[in-house]
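Structural characterization, general
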Amino acid sequence: MTAIEAPPLATGLQPEPLLVELSRPGAPTHVLPPLDVPEVDNFGGQLLRSELRLPEVGELDTLRHFTHLAQRNFSIDAVFYPLGSCTMKYNPRVNEDVARLPGIAHIHPLQPDETVQGALAIMFELQQLLAAITGFSTATLQPAAGAQGELAGMLMMRAYHLDRGDTRRVRVLVPDSAHGTNPATAAMCGFQSVPIRSDPNGNVDLDHLRSELDDTVVGLMLTNPSTLGLFEQHLLEVTDAIHQAGGLVYGDGANLNAILGVVKPADVGFDCLHINVHKTFSTPHGSGGPGAGPVAVNSLLEPFLPVPVVVKDTDGIYRLDFDRPKSIGRLKGFQGHFGILARGLTYIRMHGAEGLRSIAETAVLNANYLRAVLSDVYEVAYDRTCMHEFVLSGRRQKAETGVRTLDIAKRLLDFGIHPPTIYFPLIVDESIMVEPTESESRATLDHFAAVMRQIARECHDSPDVIHDAPHYQVVGRLDEVTAARKPVLRWQLDG
Ligand SMILES: *Cc1c(COP(=O)(O)O)cnc(C)c1O
């Protein structure tokens, strides 16, 4: 196979504009017309900070500066982005067109219900479609992200137990293949999170699960498919065992992309489930939002839904219902991230039932294809049919050449590919978690596989090239710990 050459820069841009100081003292930066009204000083000078040394840059150069910065981002619009667990799929532009319709973009969250019937209809329909897709009775759209959806779900589970006078339940079982937000959520609700081991096939260890069950168990938080990209093979036994002990089953449905139209979580023992609209239903995300993490619930949890809930009265009029005495209360200002919800509904309606199912089928096919073509060069953590993602391990490369997973990830940047998620899940040594999504073409998958194979060869033939990567980006290896702990977020004239 011929070697693939790394492009000099992913964006084809030269670094100079970033490295030189653009500000010039006295540069013509703005021109205000002469004052033609009497001069007044409403602020008494208190709000004017003369010590600020603002950059003196013209409008066009300012624009170019920010455009150049933006083009240095690795984004799904620019490059292949197989970031496991994050579902970086194509964000169809029709979603954006809909979200920008004046009737959607220009309404105010405090408008009276009768003036925003269309917006309430959008929310009502989405509640119903999400319930239909997951098999539950209804859903709340309020949570701002997956993690807040988890909080909503667990608060509802707590309210359910307390409402029945069951006050002893304080322990939440969380398999070690769960997303990291699951134990964090349990802790935020004041519960104790109890880790449950995975068995050698990547399933929940049933014996360990059963040994932890008693009348102090709130329930189980199950990420399914798990962060190993695997569908729990004993799902019904797991959910039955929890119910036998009087607990409830929380489903982390952020990986719903893999089972859309194929499995309804309500049919396999879940009592509620959060959905990541910004993953499964294609709205843009990254760097923390905005997203939407609706939670679908069964009839046991319905009384505890956050307020308000969108309802449709018998006369066909929509309204926000606050009159719900057992509600856990409000979780977020206004009605959730409405613009994201409108995008999500567009995507669901555009695909229809058949289309949603084919999304899952293609996502699973793409992941299994890559898993198969890479399995002779990288160790596959759990070598069985995967769902929408799979986990490789850089164990072999580390043992044979000293090259680590971090080095492999950095080398991918040289080829204009966003690295997969690395060192997560924690239960796989040197893990590399790949989620190609259904959006990508066979040609892109083959290119990625060829690059990954070449990097595996480089680990043996020229490990130094990998240790020092990336070579062709604006910056090389960054000190990520210092960048996170002591970020420089302010523009400073003197560097
Ligand atoms: C992304 C993700 C979450 C958290 O969702 P956010 O919207 O980032 O808060 C939870 N669980 C799983 C499995 C995820 O992939």
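Residues numbered from 1 in each chain as written. Predicted model: local features only at pLDDT ≥ 70, side-chain atom pairs only at ≥ 80, totals over all residues. Heavy atoms only, no water.

**Observations concerning the sheet that holds strand 4 (residues 217-223)**
Read across the sheet, seven strands follow the order 1-7-6-5-4-2-3 without closing on themselves; strand pairing throughout is mixed. Looking at which strands have only one partner, the edges of the open sheet turn out to be strand 1 (138-140) and strand 3 (192-196). The average angle at which neighbouring strand axes cross in this sheet is 25°, direction not considered. Bridge count between strand 1 and strand 7 (residues 295-297): three bridges; the pairing is antiparallel. Paired with Thr138 across the two strands is Val297, which belongs to strand 7. Sitting on the sheet, helix 5 (residues 117-134) is in contact with strand 1, strand 6 (272-274) and strand 7, with an inclination near 120° to strand 1. Docked against the sheet, helix 9 (residues 235-244) engages strand 2 (171-175), strand 4 and strand 5 (248-252), running at close to 135° with respect to strand 5. (Pairing = 2+ DSSP bridges. Helix = DSSP H or I, 4+ residues; strand = E, 2+ residues; numbered from the N terminus. Axes fitted to C-alpha atoms, helices over the stretch in contact; angles between N-to-C directions. Contact = heavy atoms within 4.5 Å.)

**Looking at the sheet that holds strand 12 (residues 421-422)**
The four strands lie next to each other as 10-11-13-12, forming an open sheet whose pairing is antiparallel. Strands with a single pairing partner mark the edges of an open sheet, and in this sheet they are strand 10 (379-380) and strand 12. Two elements, strand 10 and strand 11 (residues 390-393), share two bridges in a ladder whose sense is antiparallel. Of the residues in strand 11, the one forming a bridge with Val380 is Leu392. Sheet strands touched by helix 11 (residues 338-374): strand 10, strand 11 and strand 13 (431-434). Its angle to strand 11, the strand with the most contacts, is close to 20°.

**Overview of the confidence of the model for the chain**
Low pLDDT marks stretches whose predicted atomic positions should not be read closely. Summary statistics for the chain give a mean pLDDT of 93 and a share of 95% for residues scoring 70 or more. When the criterion is pLDDT under 50, residues 9-17 qualifies, and its contacts beyond four places in sequence or with other chains add up to 19 contacts. (pLDDT = per-residue confidence, 0-100.)

**Remarks on the domain arrangement of the chain**
Structurally, the chain comprises domain 1 (94-350) and domain 2 (361-481). Here domain 1 and domain 2 have C-alpha centroids that lie 31 Å from each other. Every contact between the two is made by 24 residues of domain 1 and, on the other side, 17 residues of domain 2. When the area that domain 1 buries against domain 2 is broken down by residue, the three leading residues are Thr227, Leu228 and Asn257, summing to 34%. At the junction of domain 1 with domain 2, the criterion picks out zero salt bridges. If you look at where domain 1 meets domain 2, you find five residue pairs in polar contact (both at pLDDT 80 or more). (Domains from an automatic or database assignment. Buried area = accessible area lost by both parts, 1.4 Å probe. Salt bridge = Lys/Arg side-chain N within 4 Å of Asp/Glu carboxyl O. Polar contact = N/O pair within 3.5 Å; in protein donor to acceptor, adjacent residues only side chain to side chain.)

**Quick look at the nonpolar core**
Counting residues in each nonpolar core, the largest one holds 56 residues, and the members touching the most others are Leu130, Leu173, Leu209, Leu220, Leu260 and Phe281. Put simply, the parts of the chain that give this core at least two residues each are helix 5, strand 3, helix 8 (206-211), strand 4, helix 9, strand 9 (318-321) and helix 11. When residues of this core are assigned to their parent elements, the largest contribution, eleven residues, is made by helix 11. Filtering out sequence-adjacent residues up to four positions away, Leu209 remains in contact with Leu173, Ile196, Val204, Leu220, Val238, Ala241 and Ile242. (Core = buried A, V, L, I, M, F, W, Y, C linked by side-chain atoms within 4.5 Å. Buried < 20%, exposed > 50% of the residue type's maximum accessible area, 1.4 Å probe, protein only.)

**Side note on unusual backbone geometry**
Omega for the peptide link from Val307 to Pro308 comes to -5°, which places this bond in the cis form. Checked against the element boundaries, Pro308 lands in the loop between strand 7 and strand 8 (309-312). Following Ala469, the chain continues to Pro470 via a peptide bond in cis, the omega torsion being 5°. Of note, Pro470 is situated in the loop between helix 15 (463-467) and helix 16 (480-485). With a phi angle near 55°, Phe334 is a residue other than glycine that sits in the positive phi range.

**Some words on the layout of surface pockets**
Quantified by volume, the second largest pocket comes out at close to 330 Å³. As for the second largest pocket, its lining consists of 21 residues, and the residues nearest its centre are Ile107, His108, Pro109, Gln335 and Phe338. Of all the secondary-structure elements, those providing two or more residues to the lining of the second largest pocket are helix 4 (102-105), helix 5 and helix 11. Sorting elements by how many residues they give to the lining of the second largest pocket places helix 5 first, with three residues. Among the residues making up the lining of the second largest pocket, the classes are represented as 13 nonpolar, six polar and two charged. (1 Å grid on protein atoms, 1.4 Å probe; cavity = no way out; pocket = protein on both sides within 12 Å on 5 of 7 lines; lining within 4 Å. Points joined across faces, edges and corners; volume = space filled by probe spheres on them. Nonpolar A, V, L, I, M, F, W, Y, C, P; charged D, E, K, R; others polar.)

**A few points about the site of the ligand**
Neighbouring residues of the ligand: 14 residues in total, closest Gly146, Ala147, Asp252, His278 and Lys279. For the ligand, an oxygen atom lies 2.8 Å from a polar atom in the backbone of Ala147. One of the side-chain N or O atoms of His278 is found 2.7 Å from an oxygen atom in the ligand. Within the residue set of the shell around the ligand, elements represented by two or more residues are helix 6 (146-163) and helix 10 (277-280). (Near = heavy atom within 4 Å.)

**Focus on the pattern of salt bridges**
For the structure on display, the rule yields 24 salt bridges. Here Asp321 makes a salt bridge to Arg319, at a shortest N to O gap of 3.9 Å. Arg357 is the salt-bridge partner of Glu361, the closest N and O atoms lying 2.9 Å from each other. Linking Glu361 with Arg357, this pair stays in helix 11, spanning four residues, or about one helical turn. The exposure class assigned to Glu361 is partly exposed, which follows from its relative accessible area of 42%.

**Some points on the packing of helix 13 (residues 405-414) against helix 14 (residues 442-461)**
Running from N to C, helix 13 and helix 14 point in directions that differ by 125°, and their axes come no closer than 10 Å. Regarding the angle of helix 13 to helix 14, the classification is oblique. You can see that helix 13 and helix 14 cross each other, and the crossing is right-handed. Each of Ile408, Arg411 and Leu412 in helix 13 lies in contact with helix 14, whose residues at this interface are Phe448, Val451, Met452, Ile455, Glu458 and Cys459. Each residue belonging to the contact of helix 13 with helix 14 can be placed in one class, and the counts come to seven nonpolar, no polar and two charged. (Parallel < 35°, antiparallel > 145°, perpendicular 65-115°, else oblique. Left-handed = near helix turned anticlockwise from the far one by under 90°.)

**As for the state of the cysteines**
Counted according to the given criterion, the structure contains zero disulfides. The thiol of Cys86 is not disulfide-bonded; the next cysteine sulfur, from Cys386, is found 17 Å away. (Disulfide = S-S within 2.5 Å.)

**Focus: the packing of aromatic side chains**
Applying the stated rule across the entire model yields three aromatic pairs. When the centroid spacing of 5.2 Å and the interplanar angle of 70° are considered together, the rings of Phe80 and Phe448 count as edge-to-face. Taken together, the residues span a long stretch of sequence, with Phe80 in the loop between helix 2 (59-71) and helix 3 (93-99) and Phe448 in helix 14 at a distance of 368 residues. Exposure remark for Phe80: the relative accessible area of 8% places this residue in the buried category. For the pair Phe124 and Tyr318, a centre-to-centre distance of 5.6 Å together with 55° between the ring planes defines the contact as tilted. Taken as a pair, Phe124 in helix 5 and Tyr318 in strand 9 lie far apart in primary sequence, 194 residues in all. (Phe/Tyr/Trp six-rings, centres within 6.5 Å; stacked < 30°, edge-to-face > 60°.)

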